[in-house]
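Structural overview for review
Read off the chains here:
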Amino acid sequence: MVDVPGRRGPEPPAPGTAGRFGDVLHGSVTCPGQPATLTMPVPFRYRSVLGARLDGLFAADATDTAQRRGCTGVVLPAPE
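So, here's what we can say about the structure. (Residues numbered from 1 in each chain as written. Predicted model: local features only at pLDDT ≥ 70, side-chain atom pairs only at ≥ 80, totals over all residues. Heavy atoms only, no water.)

1. Observations regarding the state of the cysteines
- Applying the stated criterion to the full structure yields one disulfide.
- The disulfide partner of Cys-31 is Cys-71, and the S-S distance across this bridge is 1.9 Å. With the S-S dihedral at roughly 100°, the linkage between Cys-31 and Cys-71 falls on the right-handed side. Taken together, the residues span a long stretch of sequence, with Cys-31 in strand 2 (residues 24-31) and Cys-71 in the loop between helix 2 (54-68) and strand 4 (72-75) at a distance of 40 residues.
- In this structure Cys-31 comes out as buried when scored by relative accessible area, which is 18%. (Disulfide = S-S within 2.5 Å. Helix = DSSP H or I, 4+ residues; strand = E, 2+ residues; numbered from the N terminus. Buried < 20%, exposed > 50% of the residue type's maximum accessible area, 1.4 Å probe, protein only.)

Written out as structure tokens, the structure is:
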């Protein structure tokens, strides 16, 4: 659970899902038969620099991580 002052935090990312909560993107993979989640927090000031490239950056990072760890079934959030 993420503690965000003044707001109820989201449920932890669940395997098989993908999405966004504020400045955190999350996706999921299956690594040697076990579900796993991937997250990428993006501080506000970097979001303004990355802009439209943020989705591609997360996709590249998730794909690279999955390949290095022998994972399959990458699920990513829809482009923003």
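2. Notes on helix 2
- Taking 1.5 Å of rise per residue, the 15 residues of helix 2 would be expected to cover 21 Å, and the 21 Å separating its terminal C-alpha atoms lies within 8% of that figure.
- Residues of helix 2 that are buried include every one of Leu-54, Phe-58, Ala-62, Thr-65 and Ala-66, and no others. Down the axis of helix 2, the smallest arc covering the buried residues is 100°, so these residues share one side. In helix 2, the exposed positions that point more than 90 degrees away from the buried face belong to Gln-67 and Arg-68.
- Count one or two residues on from helix 2 and you reach Gly-70, which has phi positive near 70°. (Expected span 1.5 Å × (residues − 1). Arc of directions from axis to C-beta.)

3. Some thoughts on the environment of Cys-31
- In sequence terms Cys-31 and Gly-70 are 39 residues apart; their C-alpha atoms lie 6.2 Å from each other.
- Once residues within four sequence positions are removed from consideration, Cys-31 is found in contact with Ala-36 and Cys-71. (Contact = heavy atoms within 4.5 Å.)

4. Remarks on the nonpolar core
- Among the nonpolar cores identified, the biggest contains eleven residues, and these are Leu-25, Val-29, Cys-31, Leu-38, Met-40, Val-42, Leu-54, Phe-58, Ala-62, Ala-66 and Cys-71.
- Every element with two or more residues in this core is listed here: strand 2, strand 3 (34-41) and helix 2.
- In terms of residues, this core owes the most to one element, helix 2, which gives four residues.
- Setting aside anything within four residues of it in sequence, one finds Met-40 in contact with Asp-23, Val-24, Leu-25, Leu-54, Leu-57 and Phe-58. (Core = buried A, V, L, I, M, F, W, Y, C linked by side-chain atoms within 4.5 Å.)

5. Considering unusual backbone geometry
- For Pro-32, which is not a glycine, the phi torsion comes out positive at approximately 25°.
- Mapped onto the fold, Pro-32 is located in the loop between strand 2 and strand 3.
- Residue Pro-32 is classed as exposed on the basis of its relative accessible area of 66%.

6. Quick word on the pattern of salt bridges
- Going through the model one piece at a time under the given rule, you end up with two salt bridges.
- Where Asp-55 meets Arg-20, a salt bridge forms, and the shortest distance between an N and an O atom there is 2.5 Å. Of the two residues, Asp-55 sits in helix 2 while Arg-20 sits in strand 1 (residues 19-21), which places them 35 residues apart along the sequence.
- The shortest N-O distance in the salt bridge between Arg-68 and Asp-64 comes to 2.8 Å. In this pair, Arg-68 and Asp-64 are both assigned in helix 2, four residues apart and thus about one turn of the helix distant.
- Residue classification places Arg-68 among the exposed residues on the basis of a relative accessible area of 56%. (Salt bridge = Lys/Arg side-chain N within 4 Å of Asp/Glu carboxyl O.)

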